[in-house]
Amino acid sequence: MRKPLMAGNWKMNCTVKDAVELVKELKKYVKDVKNTEILVCPPFTALNEVSRTVKDSNIELGAQNMGYEDSGAFTGEISPLMLRELKCRYVILGHSERRHIFNENDGVINKKIKCALKNNLKPILCVGETLLQRRANLTKKIILNQIQNGLKDIKADDMKNIVVAYEPVWAIGTGKTAMPYQAQEIHASIRDLLEDMFNQDVGFNTRIIYGGSVKPDNIKELMMQSDIDGALVGGASLKAKDFSQIIRY
Ligand code: PGA
């Protein structure tokens, strides 16, 4: 069975001090949680201290982005080797803020996914449509394109290390969550696509998590949907209590 994953994306928030306080508080609230995988993705500058704080706990560490080479002349980029050194297990790739504000395209995201896998980091591939695209009835087409291009040349065997996050752009940070049935419909079509692209096992076993204004009061209904395997949480993951309630849904 697919183990639920609750991932906190802290975005460009928290100094090192704030980050350590937040994760210490979270640790207390969730120390007995076993059946759900818990992940926090602080900004790069806080990874080292947060890594020390979560050592030997049930909280895993991830980064919010990554360069697509191991090293070299890439000013301002962070390599997978640097993330591994700090004990990161996951990396969020292709977040809509990276796509829309920083112009990352599917080709770049595909390179990052390959580089992450090569370095034993588990990519969380984010996909999602804008409001205009949804209104033009393009949701499925956009998402299928993002997945087909993002996962180009990835082997079926590598899919066990990849998580897909469906995050409708219009629901991120807006307080507007997709209705659970709307999210379920897209998750199910992503699962069908993965089955077509790879095989039945990949379709069945890949975790597909939902993101976009997830809060303690809407997580339960989202998690009741058969193809929703967890959440990628922005704003609400910055409050230890709220995030712990989401984790315990
Ligand atoms: P939000 O962000 O929960 O604040 O909407 C989700 C995300 O961008 O991953």
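These remarks concern the structure in this document.

**Thoughts on the overall build of the protein chain**
Looking only at helices and strands, one finds 11 helices and eight strands in the protein chain. When the 249 residues of the protein chain are sorted by exposure, 54% land in the buried category. Of the accessible surface of the protein chain, which amounts to about 12,000 Å², a share of 50% is contributed by carbon and sulfur atoms. Averaging the positions of the 36 positive and the 30 negative side-chain charges in the protein chain gives two centres separated by 3 Å.

**Quick notes on the site of the ligand**
Taken together, 13 residues lie near the ligand, and Lys 11, His 95, Glu 167, Gly 173 and Ser 213 sit nearest. In the model, an oxygen atom of the ligand is placed 3.5 Å from a nitrogen or oxygen of the Asn 9 side chain. Backbone polar atom of Gly 234 to an oxygen atom of the ligand: 2.8 Å apart, as the coordinates give it. About the coverage of the ligand: the protein hides 96% of its 280 Å² of free accessible area. Across the shell around the ligand, the residue classes tally to four nonpolar, seven polar and two charged.

**Remarks on the sheet that holds strand 1 (residues 5–9)**
Strand pairing in a sheet is mediated by backbone hydrogen bonds. Such pairs are either parallel or antiparallel. Overall, parallel pairing links the eight strands, which are arranged 1-2-3-4-5-6-7-8 in a closed barrel. With strand direction ignored, the average angle separating the axes of adjacent strands in the sheet is 25 degrees. Contacts from helix 1 (residues 16–30) reach strand 2 (37–41) and strand 3 (59–63) within the one sheet, and its direction differs from that of strand 3 by about 140 degrees.

**What about the pattern of salt bridges?**
Scanning the model with the defined rule gives 18 salt bridges in all. Taking the shortest distance from any N to any O, the salt bridge between Arg 191 and Asp 227 comes out at 2.5 Å. You can see Arg 191 sitting in helix 8 (residues 180–197) and its partner Asp 227 sitting in the loop between helix 10 (219–223) and strand 8 (230–233), a full 36 residues away along the chain. Grouping residues by exposure puts Arg 191 and Asp 227 together as buried. Through salt bridges with shared partners, a single network forms among Arg 2, Arg 191, Asp 227 and Asp 229.

**Focus on the nonpolar core**
Leu 151 and Ile 190 are the most contacted members of the largest nonpolar core, which totals 63 residues. Setting aside its immediate chain neighbours within four residues, Ile 190 contacts Val 127, Ile 143, Ile 147, Val 164, Tyr 166 and Ile 208. Ranked by size, the runner-up nonpolar core spans 12 residues in total, among them Ala 7, Cys 41, Ile 92 and Ile 209.

**Quick notes on helix 1**
With 15 residues, helix 1 ought to run about 21 Å at 1.5 Å a step, and its terminal C-alpha atoms sit 21 Å apart, in line with that. Residues Ala 19, Val 20, Leu 22, Val 23, Leu 26 and Val 30 constitute the buried set of helix 1. Along the long axis of helix 1, the arc covered by the buried residues comes to 165 degrees, so they all point the same way. Exposed side chains of helix 1 directed beyond 90 degrees from the buried face belong to Lys 17 and Lys 28. Where the residues of helix 1 are buried, they touch strand 2, helix 2 (44–54), strand 3 and helix 11 (240–247).

**What to know about the pairing of strand 2**
When you tally the buried positions in strand 2, you get five out of five residues, the bulk of the element. Burial along strand 2 is two-sided: the face carrying Glu 37, Leu 39 and Cys 41 and the face carrying Ile 38 and Val 40 are both buried. Both strand 1 and strand 2 contribute to a ladder of five bridges, which runs parallel. Within the sheet, the bridge partner assigned to Met 6 lies in strand 2 and is Ile 38. At this point the chain moves from strand 1, through helix 1, to the parallel strand 2, and the crossover so formed is right-handed.

**Thoughts on the packing of helix 1 against helix 11**
Two numbers describe how helix 1 lies on helix 11: the axes approach to 9 Å, and their chain directions differ by 40 degrees. Note that helix 1 runs across helix 11; the crossing there is right-handed. Residues Leu 22, Glu 25, Leu 26, Tyr 29 and Val 30 of helix 1 form the contact with helix 11, whose participating residues are Ala 240, Lys 241, Phe 243, Ser 244 and Ile 247. Taken together, the residues of the contact of helix 1 with helix 11 break down into seven nonpolar, one polar and two charged.

**With respect to the pairing of strand 4 (residues 90–93)**
The side chains of a regular strand alternate, first on one face of the sheet and then on the other. Neither face of strand 4 is left uncovered, since the one carrying Tyr 90 and Ile 92 and the one carrying Val 91 and Leu 93 both have all their residues buried. Here strand 3 runs beside strand 4; their pairing, made up of two bridges, is parallel. In the strand pairing of strand 4, Ala 63 is matched with Val 91. At this point the chain moves from strand 3, through helix 3 (residues 80–85), to the parallel strand 4, and the crossover so formed is right-handed.

Thresholds applied
Residues numbered from 1 in each chain as written. Predicted model: local features only at pLDDT ≥ 70, side-chain atom pairs only at ≥ 80, totals over all residues. Heavy atoms only, no water. Helix = DSSP H or I, 4+ residues; strand = E, 2+ residues; numbered from the N terminus. Buried < 20%, exposed > 50% of the residue type's maximum accessible area, 1.4 Å probe, protein only. Areas by Shrake-Rupley, 256 points an atom, 1.4 Å probe, with all protein chains shown as cover. Lys, Arg positive; Asp, Glu negative; His and termini not counted. Charge placed at Lys NZ, Arg CZ, Asp CG, Glu CD. Near = heavy atom within 4 Å. Polar contact = N/O pair within 3.5 Å; in protein donor to acceptor, adjacent residues only side chain to side chain. Nonpolar A, V, L, I, M, F, W, Y, C, P; charged D, E, K, R; others polar. Pairing = 2+ DSSP bridges. Axes fitted to C-alpha atoms, helices over the stretch in contact; angles between N-to-C directions. Contact = heavy atoms within 4.5 Å. Salt bridge = Lys/Arg side-chain N within 4 Å of Asp/Glu carboxyl O. Core = buried A, V, L, I, M, F, W, Y, C linked by side-chain atoms within 4.5 Å. Expected span 1.5 Å × (residues − 1). Arc of directions from axis to C-beta. Right-handed = clockwise from strand over helix to strand, strands pointing away. Left-handed = near helix turned anticlockwise from the far one by under 90°.

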